[in-house]
Amino acid sequence: MINNFLSVSDYSILGFLGVAFAYFGTCVLLGSSMNKLPKDHGRAYAHDGILSAGKPRGAGFIFILAFVIATLLFGNLERETIIYLILTVAAMMTGFLDDCAKVSWGRLRKGLLDLVIAVMTAMTMVNFNGSEVLISLTGQTYELPPLVYGILAVILVWGSINVTNCADGVDGLSGTLSTITLSTIYFIMQTREAAPEFSYLILLFIACILGYLWYNATPSSLMMGDAGSRAIGLFIAIAIMKTGSPFLYVLVAFVLMVDGGIGLVKVALLRFLKIKILTKVRTPLHDHVRKNRKWSNAQTVFKFAIIQIMISAAVVWLSVI
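Reading the values: rules and limits
- Residues numbered from 1 in each chain as written.
- Predicted model: local features only at pLDDT ≥ 70, side-chain atom pairs only at ≥ 80, totals over all residues.
- Heavy atoms only, no water.
- Helix = DSSP H or I, 4+ residues; strand = E, 2+ residues; numbered from the N terminus.
- Rg over C-alpha atoms; globule rule 2.2 N^0.38 Å.
- Buried < 20%, exposed > 50% of the residue type's maximum accessible area, 1.4 Å probe, protein only.
- Contact = heavy atoms within 4.5 Å.
- Salt bridge = Lys/Arg side-chain N within 4 Å of Asp/Glu carboxyl O.
- Patch = residues over 30% accessible without salt bridge, like charges linked within 9 Å, V, L, I, M, F, W, Y side chains within 5 Å.
- Areas by Shrake-Rupley, 256 points an atom, 1.4 Å probe, with all protein chains shown as cover.
- Expected span 1.5 Å × (residues − 1).
- Axes fitted to C-alpha atoms, helices over the stretch in contact; angles between N-to-C directions.
- Left-handed = near helix turned anticlockwise from the far one by under 90°.
- Nonpolar A, V, L, I, M, F, W, Y, C, P; charged D, E, K, R; others polar.

Each helix and strand in the protein was counted, giving 12 helices and 2 strands. What you see in the protein, going N to C, is helices and strands ordered as α-α-α-α-β-β-α-α-α-α-α-α-α-α. The globule rule puts the C-alpha radius of gyration for 321 residues at 20 Å, and the 19 Å found for the protein is close to it. Each principal axis of the C-alpha atoms in the protein carries an extent, and together these give about 55 × 45 × 35 Å. A total of 321 residues make up the protein; the buried ones form 49% of that total. Within the protein, contacts between residues separated by at least 24 positions form 73% of all contacts whose residues are at least 6 apart in sequence.

If you want it as structure tokens, here you go:
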């Protein structure tokens, strides 16, 4: 938007300024408003969850706000982009209100709100981008019926929101994995020259997450809360669909999906089908490796990140050749 009012001929310089603004803006906003955020009560069922009691949470409200401001100032505001911004803010607000609540909203209410956001996202994606799907391994493109694509998109968005939320439980873990995932999606877009305007938004989003990680590295001084994890999960789902290859989510977000998704599958099978699986595996998986394998927080973040980087490198290489 700034280029509409300023005489800036070199868009690479403007793009650099936008990324710098997103990062430093996030750092400044978090540093100045940290004490105004709600305090964490400690998670009773999480490994060492009591250690988080008293820390500011809901930092996602701040860095998503910084992302929106950076996008409004430096992004190209098309109708589709505006809708995604609104939906990202909606996902952030549902999480932030839960972060502020003395009693958790509960899985049912949050799940239904996530479903509404997922449906709106799927409708927007189909309306502006159609229902073609590129299978990366074969290079073939298939035109799915819009209804089928929409249903799959709803599943993807809902799942991404919730696995990212469940994976947020170790200092720096969710932010680091999300940064790797979004960086991978950005490189895929560059190799395909797909959605250049949206790919720039990915850079702005990454910059805001990195600003948050400045304060969330072990030992953290604040946490993103549901406000951050739900919005990040939504944005990752939107970003992977914009590549035209939504099924790549399984690879580019593999560690997030496995870490947060195993618990969702266990709960769903037990609640609806009375089936018990992986009874000796603690979920989320980051709690299992810390408690049962005796990994430190730093080891958990580094090892999970290494796994995702190796998978992401393979995905980018396959996208190039």
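Let us look at the pattern of salt bridges. All chains considered together, the criterion is met by 7 salt bridges. Between Glu80 and Lys242 there is a salt bridge, and its shortest N-O distance comes to 3.1 Å. Separated by 162 residues along the polypeptide, Glu80 in helix α3 (residues 79-100) and Lys242 in helix α8 (residues 225-242) bring together distant segments of the chain. Between Lys110 and Asp98 there is a salt bridge, with its nearest N and O atoms 3.1 Å apart. Of this pair, Lys110 sits in helix α4 (residues 107-129) while Asp98 sits in helix α3, and the two are 12 residues apart along the sequence. Judged on exposure class, the residue Lys110 and its partner Asp98 are both buried. Each of Asp98, Lys110, Asp114, Asp226 and Arg230 takes part in one network of salt bridges that share partners.

Turning next to a nonpolar patch on the surface. A contiguous nonpolar patch, built from Leu108, Leu112, Leu115, Val116, Val119, Met120, Met123 and Trp158 and spanning about 750 Å² of accessible area, is present on the exposed surface. It is α4 that contributes the most residues to the nonpolar patch, 7 residues altogether. Its location among the elements puts Met120 in helix α4.

A few words on helix α6 (residues 173-192). The terminal C-alpha atoms of α6, which comprises 20 residues, lie 29 Å apart, in line with the 28 Å expected from a rise of 1.5 Å per residue. Two residues or fewer after α6 comes Glu193, characterised by a positive phi angle close to 55°.

This brings us to the environment of Lys266. Within the secondary structure, Lys266 sits in helix α10 (residues 254-273). Expressed as a C-alpha distance, the spacing of Lys266 and Ser160, which sit 106 residues apart in the sequence, is 17 Å. Contacts of Lys266, omitting those with residues within four sequence positions, involve Ile277, Leu278, Val281 and Thr283.

Interhelical geometry of helix α2 (residues 60-74) versus helix α7 (residues 196-216) gives an angle of 145° and a closest axis separation of 9 Å. The two elements α2 and α7 meet at a crossing, and its hand is right-handed. Contacts between α2 and α7 involve Phe63, Ile64, Ala66, Phe67, Ala70, Thr71 and Phe74 from the former and Tyr200, Leu201, Leu204, Phe205, Cys208 and Tyr212 from the latter. Taken together, the residues of the contact of α2 with α7 break down into 12 nonpolar, 1 polar and no charged.

Moving on to the packing of helix α5 (residues 146-166) against α8. For the pair α5 and α8, the least separation of the axes is 7 Å and the interaxial angle reads 145°. For the pair α5 and α8, the sense of crossing is right-handed. For the pair α5 and α8, contact is made by Tyr149, Ala153, Leu156, Val157, Ser160, Ile161, Asn162, Thr164 and Asn165 and by Asp226, Ser229, Arg230, Ile232, Gly233, Leu234, Ile236, Ala237, Ile240 and Met241, respectively. Of the residues contributing to the contact of α5 with α8, the split by class is 11 nonpolar, 6 polar and 2 charged.

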